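Here's the letter readout for the chains.
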Amino acid sequence: MISGEASPTTRPARDGGASSVYVYGIVRRWAHGIVKTGGVAAAAPVRMIAGEGACAVVSDVPAVWRDAGRTDLQAHDRVLHELMAVETVIPMRFGVVMASDAEVRERLLERHTDEFSSLFELLRDRVQMSVKAYYVEEALLREVLRRLPNLKKRSDAVELLPVERSQQERIALGRDVAAAVEEQRELDHHVLVQRLAGVAEDVRVEPPVGDKHVLNLQLLVDSARRTELDAIVRRLAEEHGDRFAFRYVGPLPPYSFTDFALSEE
Amino acid sequence: MAAISQNRYAAGPSPSGLADVLDLILDKGLVIDLYLRVSLVGIELLTVDARIVVASVDTYLRFAEAVGRLNIDEDGKEGLPELLEGMTSGAAKSKTSGALDAAKEKLDEIFSGDDDEDRETEERRPRRNRERSRRAKPKEDDE
């Protein structure tokens, strides 16, 4: 499982075909044994391809690889976590596959040395942390109706009508409630972002996913300031625990802060 | 509720499970223009789901129904004044592009269901996913 030396079986003819090179990410240095577990495509050995000032961390995958799935996603993330524990890592998005070691060397490592070195600068001693918040049960709707009691009155009125004769009223009411909910969500979102973003070097605000989601914030934080962020999240959870459930995770490979496409030029 | 949150965060962040990072793994991180990404079952699903419009009449009716159900009288708590300030601007970023998000949510659902590590994600979250896919996306759900 541990690799690094050129093993004679690293270019297996899986499925009777040739193999390609799956790229996890880029590190400045790579030490033997840095990644202890297997990679994608049935725990293929993880190895590295060295370039000038940057190394690509890779493993072999079948040239035609169509059945990637859950365990591969986990493997991708796990390898990056292991790297992150010892080195600054530039994570690739899941599923970047190149034709051969030579291609990785020429088209990735040699061509993008400058980008990599500025990314290493940006990411050094920093970690990505993620804070998500969800409305607790009906907290969002309650907040909205407290603010706009008229909606509740309309609802009471519409409830008295037979369903088949009040369809239009119900739709109109629902549309107004939906709009008010969206407004409330934006307010809450704004407040939470303001409280959290100050401690970060950089943030990415992702759109909420789902009805009860209010915040999806990715933060790039100096390792030294992690405890400050911990404290802010803790205070938010104390103050707003009756309205929001928080999900605070990390450290993560800095996916959100390396989110761009290298051009071929 | 507040007490639970307090305890939960006293020790800092949790390690991430797949559900926490799925959107990051699939959507973020460095890519190279030229190279094809692996054809992943989930990615195909995502493109299918992305066509489904979330803000449907059905959704509105659901909101209307939810308001009807909710009894606010027993709850005299004050709202948070700070939330009502700043109403005017600044929060526009949180606008969702609904369909794509729904698709991600679908993925989320696929991958989060049986992940041990993810089990400690809020109890509410899986339920939210399920409800949403049932109501807003009648098409290809296998329920």
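Residues numbered from 1 in each chain as written. Chains lettered and ligands numbered in written order. Predicted model: local features only at pLDDT ≥ 70, side-chain atom pairs only at ≥ 80, totals over all residues. Heavy atoms only, no water.

Peer 1: Can you lay out helix α4 (residues 113-123) of chain A for me, pointing to particular residues and giving the numbers?
Peer 2: Residues and elements named next belong to chain A. Residues Phe116, Leu119, Phe120 and Leu123 constitute the buried set of α4. For α4, the angular spread of buried residues about the axis comes to 105°, placing them on one side. Here the buried face of α4 lies against β1 (19-27), β4 (89-91), α3 (101-110), β6 (126-135), β8 (213-222) and β10 (261-262). One or two steps after α4, the chain reaches aspartate 125, where phi turns positive at roughly 60°. (Buried < 20%, exposed > 50% of the residue type's maximum accessible area, 1.4 Å probe, protein only. Helix = DSSP H or I, 4+ residues; strand = E, 2+ residues; numbered from the N terminus. Arc of directions from axis to C-beta. Contact = heavy atoms within 4.5 Å.)

Peer 1: Which residues make up the packing of helix α6 (residues 149-159) of chain A against helix α7 (residues 167-197) of chain A, and what values go with them?
Peer 2: Residues and elements named next belong to chain A. In contact at an axis separation of 10 Å, α6 and α7 are set at 160° when each is read in the N-to-C sense. Relative to α7, the element α6 is oriented roughly antiparallel. In this structure, α6 meets α7 at a crossing whose hand is left-handed. Between α6, through Leu151, Arg154, Ser155, Val158 and Glu159, and α7, the contact on the second element is made entirely by Glu169, Arg170, Ala172, Leu173, Asp176, Val177 and Ala180. Residues that form the contact of α6 with α7 fall into these classes: six nonpolar, one polar and five charged. (Axes fitted to C-alpha atoms, helices over the stretch in contact; angles between N-to-C directions. Parallel < 35°, antiparallel > 145°, perpendicular 65-115°, else oblique. Left-handed = near helix turned anticlockwise from the far one by under 90°. Nonpolar A, V, L, I, M, F, W, Y, C, P; charged D, E, K, R; others polar.)

Peer 1: Which residues make up the packing of aromatic side chains, and what values go with them?
Peer 2: Residues and elements named next belong to chain A. Across all of its chains, the model carries four aromatic pairs over all chains by this definition. Their ring planes at 55° and their centres at 5.4 Å tell us that tyrosine 135 and phenylalanine 244 sit as a pair that is tilted. Within this pair, whereas tyrosine 135 is found in strand β6, its partner phenylalanine 244 is found in strand β9 (residues 244-252), the two being separated by 109 residues in sequence. Judged on exposure class, the residue tyrosine 135 and its partner phenylalanine 244 are both buried. Three or more aromatic residues joined by ring pairs form one cluster here, namely Tyr22, Tyr24 and Phe94. (Phe/Tyr/Trp six-rings, centres within 6.5 Å; stacked < 30°, edge-to-face > 60°.)

Peer 1: Lay out the nonpolar core with the relevant residues and their values.
Peer 2: Residues and elements named next belong to chain A. Formed by 35 residues in total, the largest nonpolar core has its most connected members in Val131, Leu192, Leu196, Leu215, Leu219, Leu229 and Phe246. Broken down by secondary-structure element, the contributors of at least two residues to this core are β6, α5 (139-147), α6, α7, β8, α8 (226-240) and β9. Residues within four places of leucine 219 in sequence aside, it is in contact with Val127, Gln128, Met129, Val131, Leu196, Ala197, Ala200, Asp202, Val203, Leu229 and Phe257. Among the nonpolar cores identified, the runner-up in size contains 32 residues, and Val40, Ala41, Leu73 and Ala75 belong to it. (Core = buried A, V, L, I, M, F, W, Y, C linked by side-chain atoms within 4.5 Å.)

Peer 1: Describe the sheet that holds β9 of chain A, naming the residues involved and giving the relevant values.
Peer 2: Residue and element names in this part refer to chain A. Strand order in the open sheet made by the four strands is β7-β8-β6-β9, with antiparallel pairing throughout. Each having just a single partner strand, β7 (202-205) and β9 make up the two edges of the open sheet. Adjacent strand axes in the sheet meet at a mean angle of 20°, parallel and antiparallel pairs treated alike. The pairing of β6 with β8 spans nine bridges and is classified as antiparallel. In the sheet register, serine 130 faces β8, and the bridge partner there is glutamine 218. Against the sheet, α7 makes contact with β6, β7, β8 and β9, and its axis sits at roughly 15° relative to β8, the strand it touches most. (Pairing = 2+ DSSP bridges.)

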